[in-house]
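Residue strings, one per chain:
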Amino acid sequence: PLRVVKKIHFHDYNNSWFLDVECVGNDVVSVTDEDVKFLREGFGCTELDEQLSHLQATCEENRPMYFYFVIGQVIETNLH
């Protein structure tokens, strides 16, 4: 099982800015028809479409898996 992520803290290397956001979902997906369709229809994410097309064209059976995070509202930031 995956650890449930509730908040993500972004910052630069110097900590001169930060952005805290809520995480409303997280899981893993593989580059398969079903998972790529889920991301596209559920979240409007098309980042894996090209990779899926390539893997299908080469008949690759071993598909990579990725973590995904669904970002919600901004909690706090020092960005203006």
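Structural data are supplied above this passage.
How each quantity is defined
- Residues numbered from 1 in each chain as written.
- Predicted model: local features only at pLDDT ≥ 70, side-chain atom pairs only at ≥ 80, totals over all residues.
- Heavy atoms only, no water.
- Helix = DSSP H or I, 4+ residues; strand = E, 2+ residues; numbered from the N terminus.
- Rg over C-alpha atoms; globule rule 2.2 N^0.38 Å.
- Buried < 20%, exposed > 50% of the residue type's maximum accessible area, 1.4 Å probe, protein only.
- Contact = heavy atoms within 4.5 Å.
- Areas by Shrake-Rupley, 256 points an atom, 1.4 Å probe, with all protein chains shown as cover.
- Lys, Arg positive; Asp, Glu negative; His and termini not counted.
- Charge placed at Lys NZ, Arg CZ, Asp CG, Glu CD.
- Core = buried A, V, L, I, M, F, W, Y, C linked by side-chain atoms within 4.5 Å.
- Pairing = 2+ DSSP bridges.
- Disulfide = S-S within 2.5 Å.

**Q** Would you mind going over the overall build of the protein with me for this structure?
**A** Tallying secondary structure elements over the protein gives two helices and three strands in all. On C-alpha atoms alone, the protein measures out to a radius of gyration of 16 Å, which is more than a quarter above the 12 Å that the 2.2 N^0.38 rule sets for 80 residues. A total of 80 residues make up the protein; the buried ones form 25% of that total. Once local pairs closer than 6 in sequence are excluded, the contacts in the protein between residues at least 24 apart make up 56%. Of the accessible surface of the protein, which amounts to about 6,300 Å², a share of 52% is contributed by carbon and sulfur atoms. Of the charged side chains in the protein, 6 are positive and 14 negative, and the gap between their average positions amounts to 6 Å.

**Q** Teacher, can you tell me more about the nonpolar core here?
**A** Across soluble globular proteins, nonpolar side chains have a tendency to be buried as a group. In terms of nonpolar packing, the biggest core is built from nine residues, these being V29, V31, V36, L39, L48, L52, L55, Y68 and V70. Going through the elements one at a time, α1 (33-43), α2 (49-57) and β3 (65-77) are the ones with two or more residues in this core. With sequence-adjacent residues up to four places away left out, V29 is seen in contact with D35, L39, L48, P64, M65, Y66 and Y68.

**Q** Before we go on, may I ask you to explain the pairing of strand β1 (residues 7-11) in this structure?
**A** Moving residue by residue along a regular strand, the side chains alternate between the two faces of the sheet. Here five bridges tie β1 to strand β2 (residues 18-30), and the two strands are oriented antiparallel to one another. Bridge pairing in β2 places H11 opposite F18. Here β1 folds back onto β2 in antiparallel fashion, the turn holding six residues, of which N15 has a positive phi close to 55°.

**Q** So what exactly am I meant to see when it comes to unusual backbone geometry here?
**A** Among all residues save glycine, negative phi is the norm, and among peptide bonds the norm is trans. Phi at N15 is positive, roughly 55°, even though this residue is not glycine. Located in the positive-phi region is C59, a residue other than glycine, with phi close to 55°. Along the chain, C59 falls in the loop between α2 and β3. Judged by its relative accessible area of 62%, C59 is exposed.

**Q** Whenever I open this one, the state of the cysteines confuses me. Can you help?
**A** Should the sulfur atoms of two cysteines be covalently bonded, the bond is a disulfide. Under the counting rule described, the total for this entry stands at zero disulfides. As a non-bridged cysteine, C45 has C23 as the owner of its nearest cysteine sulfur, 14 Å distant.

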